[in-house]
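Chain residues, written in single-letter form:
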Amino acid sequence: MAALVASAHAAVGAAKVALADIVAAGLSAPGPLDHVTGVILITQNIAGFRDVPLAALVERALGGPKVFLDRDTVMAAIGEGTIGAAKGARDFVYLTVSTGVGGAIVSGGKMVRGATNTAGELGHFPVGFDRDVRCRCGSFGCVEAYAAGRNLAEAYGVDDATIVYAKAAAGDARATALIARAELALSNLAVGIVNALNPERIVVGGSVAEHEPAHTLEPMRRAIAERAFKVPAAAASVIPSALGGDVSIIGAALAARDRASGGGQWFL
Ligand SMILES: [Zn+2]
């Protein structure tokens, strides 16, 4: 929290404005969380971080702007939907392929939240039957277990997925097989998204997608063209994120602006 507050002060300083002039701030965090109350419910990666009223705590520490919290992938979808690659689309899916795999769904011009605000966690859509491919969520065969950068690196036995892609490019058979499996997982997810949700666009962001479009976006496009239902397949395009690595931060700023002004009904 101290780091969050320090980064807010640094950003305000760099922009040469006074904190007192800032009306609202957006906070992007991994879920599950409650975006209305600003409470982090639980985190996968920080032990003991449970039912933390993060928005209120940061708001108090900043002592000025109203702070609004939402899930990182939801913030990314707000960014892409407002000024990015999904601008103008009423039905789109944001998918990030990075250290992990995550997403957010906008259907009929409205963010799909689900009963407890976890809808859109597409990284944990099960696409494989192999019980040995364990996922951190406790299940097996999740998209994330095959296609996330962290999982690819772990499966190969290195620290960074870029090494696995480099090995595959150099002809390493084990790296090639792991990447083929990751491509198939993303392809199955893409076909499922198109058949189940009929989106106009699937916007794909995240560092792995950004650096390896031929192994992420391309196989998704081919799979949709080859084997998704024809009518939704013809309507769906798979496109890269327009906002890049800062997508969730840009989305958080836009969300804060809209919520502070009483708007943002489409994503609330
Ligand atoms: Zn999972």
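Structural data are supplied above this passage.
As a starting point, this report considers the structure included with it. For every chain, the first residue of its written sequence is number 1, and the numbers climb from 1 along that sequence. With pLDDT at 70 or above as the cut-off, local features in this predicted model cover only qualifying residues; side-chain atom pairs require 80 or more to be listed or tallied, and sums for whole chains, interfaces and linings still use all residues. Hydrogens and water are ignored here; the side-chain numbers use all heavy atoms of the structure.

**What about the coordination of the zinc ion?**
Rule in force here: With water omitted from the atoms examined, metal sites may look incomplete; donors here are N, O and S atoms no farther than 2.8 Å from the metal, or 3.2 Å in the case of Na, K and Ca. Key to geometry: four donors with every angle between 85 and 135 degrees are tetrahedral; four donors are square planar and six octahedral where opposite donors lie over 155 degrees apart and all remaining angles lie between 65 and 115; all other sites are irregular. Comment: elements are numbered from the N terminus, with helices defined as DSSP H or I runs of at least four residues and strands as E runs of at least two. For every residue, the accessible area (1.4 Å probe, protein chains only) is compared with the maximum for its type, and the residue is labelled buried under 20%, exposed over 50%, or partly exposed between those bounds.
Bound to the zinc ion on the protein side are His124 (ND1), Cys135 (SG), Cys137 (SG) and Cys142 (SG), at distances that span 2.0 to 2.3 Å. Every donor counted, the four donor atoms about the zinc ion form angles of 101 to 123° at the centre, which fits tetrahedral coordination. If you list the donors of the zinc ion from N- to C-terminus, the spacing comes out as H-x10-C-x1-C-x4-C. In this pair, His124 is assigned in the loop between strand S8 (110–111) and helix H4 (143–147) and Cys142 in the loop between S8 and H4, connecting sequence segments 18 residues apart. On the accessibility criterion, His124 (29% relative accessible area) is partly exposed. Given a relative accessible area of 0%, Cys142 falls into the buried group.

**As for empty space enclosed by the protein**
Summary: where empty space remains is shown by rolling a probe the size of a single water molecule over the atoms. Selection criterion: Any residue with an atom within 4 Å of a point lines the site, the site being either a cavity, points on a 1 Å grid over the protein atoms alone where a 1.4 Å probe fits but cannot get out, or a pocket, an open set with protein on both sides within 12 Å along at least 5 of 7 lines. Grid points are joined across faces, edges and corners, and a volume is the space filled by probe spheres set on the points. Ten residues, namely Ala, Val, Leu, Ile, Met, Phe, Trp, Tyr, Cys and Pro, are considered nonpolar, four, namely Asp, Glu, Lys and Arg, are considered charged, and the remaining ones, Gly among them, are considered polar.
Inspection of the entire model under this criterion finds one cavity of 30 Å³ or more. Each pocket or cavity is described by its volume, and for the largest cavity that value is around 30 Å³. Surrounding the largest cavity, Asp91, Phe92, Val93, Ile105, Val106, Ser107, Leu197 and Pro199 form its lining. Within the residue set of the lining of the largest cavity, elements represented by two or more residues are strand S6 (92–97) and strand S7 (101–107). The element contributing the most residues to the lining of the largest cavity is S7, with three residues. The residue inventory of the lining of the largest cavity, partitioned by class, reads six nonpolar, one polar and one charged.

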